Amino acid sequence: MTKEVWFGCVVTFLFGISIGSFMNVVIWRLPRNGSLVEPQWSYCPSCHHRLMGGDLIPLLSYLLCGRKCRYCKKPISSRYFWVELLTGVLFVVLYLRFQPDMVNVAALTLFGALLVPIYCIDLELFEIPNQLNLLIFIIAVGRDVYGIATHQPGHALAWNWMPQSILGALAGIAIFGSVRLIGWLWKRVEAMGLGDVLLARAMGAMLVSVVPVGANPLRLIPIWVMLSIGSGAIVGPALIFARQRKQNKEGADRPVAVGVNETIETVDDSDSSSLGRELRDILYVIWLEDAVEYVRYVLSRPATVTPGADTEVEDAWQPAASAIPFGPFMVVGFVAALLVGEHLTAMYLAYAWPRAAVPGYLY
Ligand SMILES: [Zn+2]
């Protein structure tokens, strides 16, 4: 590696851990319906003491203060440390992978940074905030439109009118939307949340900007889907096992609610659920349902949140012990597809379909 690349790594790492520090705020505040900007300072989640400059140095503060809050001495979740470190490493890895193309580095690090709270929130609460899904979708399409506007190779309008990223988004929606539909038709269960379909929309759109020049814009979609499902199949059972053990430990003295141990959250079979409604939900996703929601959210801003108000989080709802969120696996599959997807695809095509390995054959 040249000196410039080493320097770039250090800069992206420092930038990454600072962004990771902010992502910790997003992970804590966004699902609790708190404002991201108010209060303007960071505070300790247990004693609500305002944190000063020295408490906010990414990675170091956590280690130097003995993993405790400096004011109330309560232990601080190690998640804060790991989120910062992970974001820093993710930034460096993406920088090294896409490095001469700084537009892609910028778009993908931004995109990747927002995948961190999506991963953590979905894992913990089984939901993906619509604002995050909308934001990454805008980043993905924005990067493609920028490429088209500046005539970058590899960015073009499909059929002379549609940015290719929209094509990728439609592919993502179609694939993960059908999983949802099939799950409903087959077992009347919610196999996949709408949040996952929205996440697929943004990821499908982003992958278009990563394919090698001259190749089919949807080239990386199959490997992304396979890596997502594959990581789910490998890690999913372990996750279910860990969750069941945790709930057994916690819930030994608590009466188990009916249905808690059912495989997946069963959709109400009454008139609230029908094939028409399922189709409508998926179509709604294509028409930017979250954009509408977001405007509604901005118009009806919640009253100022004071520190302390967020301690009364509804923790009554507990996911079924054997349910797993799919968003985290999509994140893992997507990052893996960014890093090694092209390599795997080229290997597979050279082996199985030599003619298609020639760039430009499909498109
Ligand atoms: Zn404290």
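Quick caveat, the model's predicted, so the values are computed rather than measured.

**Thoughts on the overall build of the protein chain**
- Helix and strand counts for the protein chain stand at eleven helices and two strands.
- Start at the N end of the protein chain and walk to the C end: the helices and strands fall as α-α-α-α-α-β-β-α-α-α-α-α-α.
- A total of 363 residues make up the protein chain; the buried ones form 32% of that total.
- Taking as baseline every contact in the protein chain between residues at least 6 positions apart, the subset at least 24 positions apart corresponds to 73%.

**Here we look at the nonpolar core**
- Ranked by size, the top nonpolar core spans 67 residues in total, and within it Phe111, Ile118, Ala140, Met203, Ala205, Leu207 and Trp224 carry the most contacts.
- Counting residues per element, this core draws most heavily on helix H4 (residues 102–125), which supplies eleven residues.
- For this core, the domains that each give at least three residues are domain 1 (1–100) and domain 2 (125–357).
- Setting aside anything within four residues of it in sequence, one finds Phe111 in contact with Ile136, Ile139, Ala140 and Met206.

**Some points on unusual backbone geometry**
- Here Leu59, not a glycine, exhibits a phi torsion of approximately 65°, which is positive.
- Structurally, Leu59 is set in the loop between helix H1 (3–29) and helix H2 (60–64).
- Look at Leu59 and you get partly exposed, because 16 C-beta atoms sit within 10 Å.

**Notes on the packing of H1 against helix H3 (residues 79–98)**
- Following both chains from N to C, one finds H1 and H3 inclined at 140°, their axes separated by 7 Å at the closest point. Judged on the interaxial angle alone, H3 and H1 are oblique. When you trace H1 past H3, the crossing you get is right-handed.
- Taken together, the residues that form the contact of H1 with H3 break down as 16 nonpolar, eight polar and one charged.

**Side note on the packing of H3 against H4**
- Interhelical geometry of H3 versus H4 gives an angle of 150° and a closest axis separation of 9 Å. If you check the angle between H3 and H4, you find them roughly antiparallel. As for the relative orientation of H3 and H4, their crossing is right-handed in sense. Taken together, the residues of H4 that come into contact with H3 (itself represented by Val83, Leu86, Thr87, Leu90, Phe91, Leu94, Tyr95 and Phe98) are Asn104, Val105, Leu108, Thr109, Gly112, Ala113, Val116 and Cys120.
- In terms of residue class, the contact of H3 with H4 is built from twelve nonpolar, four polar and no charged.

**Notes on the environment of Asp122**
- For Asp122, the location among the structural elements is in helix H4.
- Take Asp122: there are 26 C-beta atoms within 10 Å of it, and that puts it in the buried class.
- For Asp122 and Gly327, which are 205 residues apart along the polypeptide, the C-alpha to C-alpha distance reads 6.2 Å.
- Here Asp122 is in contact with Glu127, Ile128, Pro325, Gly327 and Pro328, once residues within four sequence places are set aside.

**Looking at H4**
- With 24 residues, H4 extends 35 Å from end C-alpha to end C-alpha; this agrees with the ideal 34 Å at 1.5 Å per step.
- Count one or two residues on from H4 and you reach Phe126, which has phi positive near 60°.

**A look at H1**
- When the terminal C-alpha atoms of H1 are compared, their 39 Å separation across 27 residues agrees well with the 39 Å that a helix rising 1.5 Å per residue should span.
- Within the sequence span of H1, burial applies to Thr12, Gly16, Ile17, Ile19, Gly20, Ser21, Met23, Asn24, Val26, Ile27 and Trp28.
- On its buried side, H1 packs onto H3 and H4.

**Describing the confidence of the model for the protein chain**
- Residues of the protein chain with pLDDT of at least 70 account for 78%, and the chain-wide mean is 81.
- Counting interchain partners and residues more than four positions distant, the pLDDT-below-50 stretch residues 308–317 has five contacts.

**Regarding the environment of Gly177**
- Tracing the backbone shows Gly177 in helix H6 (residues 164–187).
- Sequence spacing of Gly177 and Ala200 is 23 residues, and the spatial spacing of their C-alpha atoms is 8.8 Å.

About the thresholds
- Residues numbered from 1 in each chain as written.
- Predicted model: local features only at pLDDT ≥ 70, side-chain atom pairs only at ≥ 80, totals over all residues.
- Helix = DSSP H or I, 4+ residues; strand = E, 2+ residues; numbered from the N terminus.
- Buried ≥ 20, exposed ≤ 12 C-beta atoms within 10 Å, placed from the backbone.
- Contact = placed C-beta atoms within 7 Å.
- Core = buried A, V, L, I, M, F, W, Y, C linked by C-beta atoms within 7 Å.
- Domains from an automatic or database assignment.
- Axes fitted to C-alpha atoms, helices over the stretch in contact; angles between N-to-C directions.
- Parallel < 35°, antiparallel > 145°, perpendicular 65-115°, else oblique.
- Left-handed = near helix turned anticlockwise from the far one by under 90°.
- Nonpolar A, V, L, I, M, F, W, Y, C, P; charged D, E, K, R; others polar.
- Expected span 1.5 Å × (residues − 1).
- pLDDT = per-residue confidence, 0-100.

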